[in-house]
Amino acid sequence: MKQELYRVVYCSRVRLSGPPAGIVGHLRHILATSRRNNVRADISGALLFANNCFAQTLEGPRVEVERCFERIQNDPRHSDVTVLEFGPASAREFPKWSMGFAGEPGAAHDPLAFVVFEGAFAGERPESGSAVLGLLHGLVRREEAWALA
Amino acid sequence: MLRAALLGLADGVILFDPGLRLILCNAAARHRLGWVGAPPRRGLTLASWLDHAGGLDPAERSVIREHCAALLAGDAAPAPGRDSAAAEKDLAFGDFTLRLRRLDGQGIMISLATGGDDGEAALRDPLTGLGNRRAFQAALAAALARAESEAALLLLDLDRFKHVNDSLGHPVGDALLRLVAQRLRASLRAGDTLVRLGGDEFAILLPRAEGAEPLAERLVDLLSRPYLVEGHLANIGVSIGIARAPADATEGGMLLRRADLALYAAKAAGRRQFCRFRPEMDARAQARQALETDLRRAVALGQFHLYYQPLLEVASGAVIGFEALLRWAHPTRGMVSPTEFIPLAEEVGLIVPIGEWVLRQACRAAASWPETVLVAVNVSPVQFADGARLLRAVDEALAGAGLSGMRLEIEITESVLLHDAAETLAILHDLRGRGVRIAMDDFGTGYSSLSQLRSFPFDKIKIDRSFVSEIEGQSGGKAVVRAIAALGASLGMTVTVEGVETEAQAHFVASSGGHQMQGYLISRPVPADDVAALLARLPARTARLSHETRDGI
């Protein structure tokens, strides 16, 4: 029997220091590792980096999502993890992305991203989960457009 | 050959000669008994061998000593019909078993468990796979084997775990504990010892004195991160107490106690943090201990006294009752403030006998007053935990004094209703059934006051003194008193204002609809012997008490 699909959306603060190029290197490394792990675990999702914060969504079988989230929790490179949404999902929002990466440090800050992050850390508002999801969608689409260009 | 075979055995085996000197002790036995120090030499006495068995506690050691001696003397009680029973004795210690066997003329063989993983399992927590309390004791003894040994002990207690366990269920709670164990394990270095002491308590022993604080800081952050477990989101935290050897203690038991004091401090400071042991914590713990010792004696030594403060009816200016207030006169401490000893008495459960004494004493005193005057007694939330006992105490106090239940008023604080509200309400209704009045004390200082007022038909609400002291200021004291008075009136409850100290306050209380007042302006609390004189100065009310005509309405 196919396992039930679950989704988690969370934000966290990044604890990476150094020049932007170095940080991008770190992020690419993190991403490469998680892509490898996630394909194997049937997990898709997207990762956004902005204003020194991560926003990430993971979707897949419940046990795999929980396991992946736990692995991420043990990572000292971020802190202040706030879960915005966790529960069963009817369909994948990011089916193609074994792990998308949206947003570059040093690029112009997206004011909407900032608002969402502030809101998420100020107090877990119920709409934050879908707001982050929407934001990730927008950025992923833009990234796809860049990739095609 | 035999020796080599025994040494290599997976089961723990120890051999002593007839003089109880060690012949051999294999690695499995050392491992399972939490061996401390270098492998034992041949010829070691039983007593010093036992001293190295860190996994055994002193009581277990002396039991083993006694039985070995008894077996050798051949006077172990023989079981009927089994000759060999006289030569064998099984000792079950909690989670593992030692078998002592007399070898004819050859001494004694001690074997551990019955093979398989039992010996290993005895040191393991089955839920998390971490070491258990027994393993911890062994590790602690080993770490502090020498006086100059350096070590750091971190005691961890999860915050809010019980809440998660209760609301999401035990299977989720168990899965959460496994995740906690994983996160802890991932944060440690080789050589560190991690155990689950039981429930939601863990301990970490570092073989070095430094580095405990950065680790504790990391763990507070790491364990506070959210958990996704069995389809649920769970948020818990951790409080950590740290003690170090040799700076804080050189002996295991003391190190553990001091880490525990530090843990207590971390929790008292608001949880989700770590605290290092400081010498003043010991002093504080000792002071508490001394206070508790004195408190236990106080009732028997007659050091408690009740003082009585009059309740004045605003409309008539008559005294309608007295609130009984507990005073503790200690020969060397002097007058100890209730704010100092009541919380301790509640914590250690002494409030129950003390509260019963207060009830008896207050009812006896009231029996000598005019029949129109009632007595109000404060009852602690802790007393409500055993409702049957409280009701019995009230019955006995009333019967012993020959006092009608109508003349007793029980004052409770809002916190009484926070725990097991249904049970508490049932007790309140039972008290009501005896004619006893129920007053809500310190109103306005607790939680969800209004919803609680609706949960039970209180006879009276007492507005907390903090609002009264603000009546003359610019802050909201006036508005609060007016609003509560109006609320009380609409719910048919008597409203009493506490802490009235000035004419202006008294005037305001009267003009805003308060029914009764209490405070230094009318009288300080007085000893029982002075109540008669006070009633000669202030008139007692004349109307008889009843539930139908509420005071001042």
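Residues numbered from 1 in each chain as written. Chains lettered and ligands numbered in written order. Predicted model: local features only at pLDDT ≥ 70, side-chain atom pairs only at ≥ 80, totals over all residues. Heavy atoms only, no water.

Secondary structure assignment for chain A yields 4 helices and 5 strands. Secondary structure elements in chain A, listed N-terminal to C-terminal, are β-α-β-β-α-β-β-α-α. In chain A, which comprises 149 residues, the share counted as buried stands at 51%. A fraction of 82% describes how many contacts in chain A between residues 6 or more apart in sequence connect residues 24 or more apart. Total accessible area on chain A stands at roughly 7400 Å², and carbon and sulfur atoms take up 57% of it. (Helix = DSSP H or I, 4+ residues; strand = E, 2+ residues; numbered from the N terminus. Buried < 20%, exposed > 50% of the residue type's maximum accessible area, 1.4 Å probe, protein only. Contact = heavy atoms within 4.5 Å. Areas by Shrake-Rupley, 256 points an atom, 1.4 Å probe, with all protein chains shown as cover.)

So, about the sheet that holds strand β11 (residues 237–245) of chain B. Residues and elements named next belong to chain B. The strand order β7-β8-β6-β11-β12 describes an open sheet built from 5 strands, whose pairing is mixed. Two strands bound the open sheet, and with one partner strand each, they are β7 (193–198) and β12 (274–276). Between one strand and the next, the sheet's axes are offset by a mean angle of 20 degrees, whatever the strand orientation. Bridging between strand β6 (residues 151–159) and β11 involves 9 bridges; their strand directions are antiparallel. (Pairing = 2+ DSSP bridges. Axes fitted to C-alpha atoms, helices over the stretch in contact; angles between N-to-C directions.)

With that settled, consider the packing of helix α11 (residues 279–298) of chain B against helix α12 (residues 338–347) of chain B. Axes are the key here: two packed helices are described by the angle between their axes and the distance separating the axes. Residue and element names in this part refer to chain B. With their axes 10 Å apart at the nearest point, α11 and α12 run at an angle of 80 degrees to one another. Comparing their axes, α12 and α11 come out roughly perpendicular. Judged by residue contacts, Arg 288, Leu 291, Glu 292 and Leu 295 of α11 engage Glu 340, Phe 341, Leu 344, Ala 345 and Glu 347 from α12. (Parallel < 35°, antiparallel > 145°, perpendicular 65-115°, else oblique.)

Residue and element names in this part refer to chain B. Reported here for the largest pocket is a volume of approximately 1000 Å³. Taken together, the elements giving at least two residues each to the lining of the largest pocket come down to β14 (319–330), α12, α13 (351–367), β16 (374–378), α14 (381–384), β17 (408–412) and β18 (437–443). Split into classes, the residues belonging to the lining of the largest pocket amount to 15 nonpolar, 12 polar and 10 charged. Within this model, the second largest pocket holds a volume of roughly 450 Å³. Of all the elements in the fold, those that place two or more residues in the lining of the second largest pocket are β6, β8 (201–206), α10 (252–268) and α11. The element best represented in the lining of the second largest pocket is α10, accounting for 9 residues. (1 Å grid on protein atoms, 1.4 Å probe; cavity = no way out; pocket = protein on both sides within 12 Å on 5 of 7 lines; lining within 4 Å. Points joined across faces, edges and corners; volume = space filled by probe spheres on them. Nonpolar A, V, L, I, M, F, W, Y, C, P; charged D, E, K, R; others polar.)

What follows is about helix α9 (residues 212–224) of chain B. Look at α9(B): 18 Å from first C-alpha to last across 13 residues, which is about the 18 Å you get at 1.5 Å a residue. Buried residues of α9(B): B:Ala212, B:Leu215, B:Ala216, B:Leu219, B:Val220, B:Leu222, B:Leu223 and B:Ser224, and no others. (Expected span 1.5 Å × (residues − 1).)

Moving on, we get to the interface of chain B and chain A. With 15 residues of chain B at the contact, the number on the chain A side is 17 residues. At the boundary of chain B with chain A, total buried surface from both sides reaches about 1300 Å², with 54% on carbon and sulfur atoms. Among the residues of chain B in contact with chain A, B:Arg225, B:Pro226 and B:Leu228 are the three that bury the most area, contributing 49% of the side total. Taking the shortest distance from any N to any O, the salt bridge between A:Glu70 and B:Arg183 comes out at 2.5 Å. If you look at where chain B meets chain A, you find 7 residue pairs in polar contact (both at pLDDT 80 or more). Counting only elements with at least two residues in the side of chain B that touches chain A, the list comes to α8 (170–186), α9, β9 (227–229) and β10 (232–234) of chain B. (Buried area = accessible area lost by both parts, 1.4 Å probe. Salt bridge = Lys/Arg side-chain N within 4 Å of Asp/Glu carboxyl O. Polar contact = N/O pair within 3.5 Å; in protein donor to acceptor, adjacent residues only side chain to side chain.)

Attention now goes to the confidence of the model for chain B. All names here are of chain B. Here chain B averages 86 in pLDDT, while 90% of its residues score no lower than 70. Across chain B, the secondary-structure element scoring lowest on mean pLDDT is helix α5 (residues 118–121), at 60, and the one scoring highest is β16, at 97. Confidence drops under a pLDDT of 50 for residues 78–85, and excluding neighbours within four residues, the segment shows 2 contacts in the predicted structure. Within the model, the stretch residues 547–553 combines pLDDT values under 50 with 18 contacts to residues more than four positions away or in other chains. Two numbers describe this predicted complex: its pTM, 0.56, and its ipTM, 0.80. (pLDDT = per-residue confidence, 0-100.)

Residue placement: A:Ser79 occurs in strand β4 (residues 78–88). Those residues in contact with A:Ser79 that sit more than four places away from it in its chain are A:Ser12, A:Arg13, A:Arg15, B:Asp221 and B:Arg225.

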